[in-house]
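Summary of structural features
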Amino acid sequence: MSTITESLLVGLIGDGITASLTPPMHEREAAACGLHYLYRPVDLAVNGRSAADVGDLLRYGRDLGFNAFNITHPCKQLVLEHLDEVSEDAARLGAVNTVLIQDGRFIGHNTDYSGFATALAQGLPDAALDAVVQLGAGGAGAAVAYALLKAGTRELTLIDLDPERTRERAAALAALFPDAVVRPGSREDLGPALSSADGFVQATPVGMHSHPGLPLDPELLRPESWVADVIYRPVRTQLVDAAEARGCRVLDGGHMAVGQAVDAFRLISGVEPDAARMRAHFLELVNSGR
């Protein structure tokens, strides 16, 4: 954990992130914890920078006195080569979303996977995890799949519109978790896989405010299964509503969004945040249209 200083200066590096909810979430929680905490977005698009500049931005930040950075799309993989140390889980995932600056060194962590793991454990306690179907094998999907397998999923079916990406992701995860079965699938496999699955995770952009709709026919969902969505704008996606109407237990994407922020805040500040308070603030921000 980092040492609490008189003040903390934190940044978020990514593309199109000026309106991110992460800065206000961190600053509000820091104020409640009695910390002097300033969090600023470093938007590649606004600053005319490319993702390849992430290493330079980290070094500039270090020289300017930043304590840490969160890292988001499209820099989570590119940042790895600029780090002095990487946590075991971040190294296994091949992606970093939190960089601590300690004694001039860059230390990388991944709170995307841990945020989903916490969300799943707290939002769907005692949910069966033996067989899970996941739609979407991109960046968020990789973290979610890793979290599921680490939590004990024995059979994971990955389905994505990009067959090559699906195969590569499944093979990489199978190598990390040799005791589990990780199989790539196609859209045609969705129905048969869901017929015997304990749960379903939606990790594609479908359902976002800018990409509304349903990622699958809700009739494929068994009432006995649980459903998790990673979309948090809106928090109540069409999938969450449809799954709930089918009788499924549901986990909205806001839980993962807050979970990763909670874990990052703890790493950066060394202070245990109030997760329920951060969730309430998050919902306040979303409902206000932020």
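What comes next is a walk through the structure. (Residues numbered from 1 in each chain as written. Predicted model: local features only at pLDDT ≥ 70, side-chain atom pairs only at ≥ 80, totals over all residues. Heavy atoms only, no water.)

**Some points on the packing of aromatic side chains**
Evaluation of the coordinates by the stated rule reveals five aromatic pairs. Seen from their ring centres, Y113 and Y146 are 5.2 Å apart, and the 85° between their planes marks the pair as edge-to-face. Placement of Y113 in helix 5 (residues 111-123) and of Y146 in helix 6 (residues 139-151) is noted, with a sequence separation of 33 residues between them. A centroid spacing of 5.4 Å and a plane angle of 65° characterise the contact between Y146 and F177, whose relative ring orientation is edge-to-face. Note that Y146 is positioned in helix 6 and F177 in the loop between helix 7 (163-176) and strand 9 (181-185), a separation of 31 residues in sequence. (Phe/Tyr/Trp six-rings, centres within 6.5 Å; stacked < 30°, edge-to-face > 60°. Helix = DSSP H or I, 4+ residues; strand = E, 2+ residues; numbered from the N terminus.)

**Section: the layout of surface pockets**
For the second largest pocket, the calculated volume is near 220 Å³. For the lining of the second largest pocket, the secondary-structure elements that each account for two or more residues are helix 5, helix 10 (254-269) and helix 11 (275-287). It is helix 10 that contributes the most residues to the lining of the second largest pocket, six residues altogether. Taken together, the residues that form the lining of the second largest pocket break down as six nonpolar, five polar and four charged. (1 Å grid on protein atoms, 1.4 Å probe; cavity = no way out; pocket = protein on both sides within 12 Å on 5 of 7 lines; lining within 4 Å. Points joined across faces, edges and corners; volume = space filled by probe spheres on them. Nonpolar A, V, L, I, M, F, W, Y, C, P; charged D, E, K, R; others polar.)

**Quick notes on the pattern of salt bridges**
This model, assessed by the stated rule, comprises 18 salt bridges. Linking R236 and D241 is a salt bridge whose minimum nitrogen-to-oxygen distance equals 2.6 Å. Under the relative-accessibility criterion, R236 is labelled partly exposed at 41%. The structure contains a network of salt bridges with shared partners spanning R236, D241 and E244. (Salt bridge = Lys/Arg side-chain N within 4 Å of Asp/Glu carboxyl O. Buried < 20%, exposed > 50% of the residue type's maximum accessible area, 1.4 Å probe, protein only.)

**A word on the sheet that holds strand 11 (residues 226-229)**
Within the open sheet, the six strands sit side by side as 9-8-7-10-11-12. Their pairing is parallel. The open sheet has two edge strands with one neighbour each: strand 9 and strand 12 (249-251). Strand-to-strand twist of the sheet, defined as the mean angle between neighbouring strand axes without regard to direction, takes the value 15°. Bridging between strand 11 and strand 12 involves three bridges; their strand directions are parallel. (Pairing = 2+ DSSP bridges. Axes fitted to C-alpha atoms, helices over the stretch in contact; angles between N-to-C directions.)

**Comments concerning helix 11**
When the terminal C-alpha atoms of helix 11 are compared, their 18 Å separation across 13 residues agrees well with the 18 Å that a helix rising 1.5 Å per residue should span. One side-chain oxygen of the residue at the start of helix 11 lies 3.1 Å from the amide nitrogen of A276, identifying that residue as D274. Phi turns positive one or two residues past the end of helix 11, at G289, with a value near 85°. (Expected span 1.5 Å × (residues − 1). Polar contact = N/O pair within 3.5 Å; in protein donor to acceptor, adjacent residues only side chain to side chain.)

**A few points about the packing of helix 6 against helix 7**
Their axes nearest at 11 Å, the elements helix 6 and helix 7 cross at an angle of 30°. Accordingly, the angle class assigned to the pair helix 6 and helix 7 is roughly parallel. Seen along the crossing, helix 6 lies across helix 7 with a hand that is right-handed. Within the contact between the two elements, helix 6 uses G139, A142, A145, Y146 and L149 and helix 7 uses R169, L173 and L176. (Parallel < 35°, antiparallel > 145°, perpendicular 65-115°, else oblique. Left-handed = near helix turned anticlockwise from the far one by under 90°. Contact = heavy atoms within 4.5 Å.)

**Considering the environment of H281**
Counting through the fold element by element, H281 comes out in helix 11. Each C-alpha atom of the pair H281 and S87 lies 29 Å from the other, and the pair is 194 residues apart in sequence. Residues in contact with H281, not counting those within four places in the same chain, are P24, M25 and R28.

**Thoughts on the side chain of T22**
Checked against the element boundaries, T22 lands in helix 1 (residues 22-32). With near-sequence residues (within four places) excluded, T22 lies in contact with Y39, N70 and Q260.

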